[in-house]
Amino acid sequence: MKRPEEVIIRPIITEKSNRLMEDAKKYTFEVAMDATKHEIKHAIKTLFGVKVLKVNTMIVKPRKRRVFGKFRRYGYTKAYKKAIVTIDPSQEIDLSKVR
């Protein structure tokens, strides 16, 4: 099993994820591509000391982006795995602990 620091890469902070944090106690993280739901659950429990109720994962596909320069060129964003973690409603995660 991997170390928790290798599984959780960074929190994803967007308007939608902030709304999920406040309303439903769901936190969004970018995780390693080969991480399983059990590894993600264990990593969140170890790093933050909270009870994890549910883990949903998805792979975010790369999107085409325009690269500015002398010529018109296109590049792609990176693909990554995203995990939405539901925790116990009485607990909270302090995201300042994550890198």
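Refer to the structure above for everything that follows.
Keep in mind that this is a model prediction, so the values were computed, not measured. (Residues numbered from 1 in each chain as written. Predicted model: local features only at pLDDT ≥ 70, side-chain atom pairs only at ≥ 80, totals over all residues. Heavy atoms only, no water.)

### Overview of the overall build of the protein
A count of helices and strands for the protein gives 3 helices and 6 strands. Along the chain direction, N to C, the helices and strands of the protein fall in the order α-β-α-β-α-β-β-β-β. In terms of overall dimensions, the protein has C-alpha extents of about 55 × 30 × 20 Å along its principal axes. Looking at the protein as a whole, 33% of its 99 residues qualify as buried. (Helix = DSSP H or I, 4+ residues; strand = E, 2+ residues; numbered from the N terminus. Buried < 20%, exposed > 50% of the residue type's maximum accessible area, 1.4 Å probe, protein only.)

### Description of the pairing of strand 6 (residues 80-87)
Consecutive residues of a regular strand have side chains that alternate between opposite faces of the sheet. Extensive coverage of strand 6 is indicated by the burial of 7 of its 8 residues. With 6 bridges joining them, strand 2 (residues 26-31) and strand 6 adopt antiparallel strand pairing. Residue pairing across strands places Thr 28 opposite Ile 84, the latter belonging to strand 6. (Pairing = 2+ DSSP bridges.)

### Focus: the environment of Glu 6
Mapped onto the elements of the fold, Glu 6 is located in helix 1 (residues 4-7). The exposure class of Glu 6 is partly exposed, given its relative accessible area of 40%. Separated by 38 residues in the primary sequence, Glu 6 and Ile 44 place their C-alpha atoms 12 Å from one another.

### Looking at the nonpolar core
In summary, soluble globular proteins display a tendency toward joint burial of nonpolar side chains. Membership of the largest hydrophobic core comes to 19 residues, with the highest contact counts inside it found for Ile 8, Phe 29, Ile 40, Ile 44, Val 85 and Ile 93. A per-element tally of this core places helix 3 (residues 37-48) first, with 4 residues. Beyond its immediate stretch of four places on either side in the chain, Ile 93 contacts Tyr 27, Phe 29, Ile 44, Phe 48, Val 50 and Ile 87. (Core = buried A, V, L, I, M, F, W, Y, C linked by side-chain atoms within 4.5 Å. Contact = heavy atoms within 4.5 Å.)

### Topic: unusual backbone geometry
We note that Lys 25 has phi near 55 degrees; this positive angle belongs to a residue other than glycine. Structurally, Lys 25 can be placed in the loop between helix 2 (15-24) and strand 2.

### Some words on helix 3
The periodicity of an α-helix, 3.6 residues per turn, causes residues three or four positions apart to be oriented the same way. Spanning 12 residues, helix 3 covers 16 Å between terminal C-alpha atoms, matching the ideal 16 Å at 1.5 Å per step. Every buried residue belonging to helix 3 is among Glu 39, Ile 40, Ala 43, Ile 44 and Phe 48, and all of these are buried. Buried positions in helix 3, seen along its axis, are confined to an arc of 130 degrees and lie on one side of it. On the buried face of helix 3, the contacting elements are helix 1, strand 1 (8-11), strand 2, strand 3 (52-60) and strand 6. With its phi angle positive at about 65 degrees, Gly 49 sits one or two positions after the end of helix 3. (Expected span 1.5 Å × (residues − 1). Arc of directions from axis to C-beta.)

In short, geometric facts, not functional conclusions.
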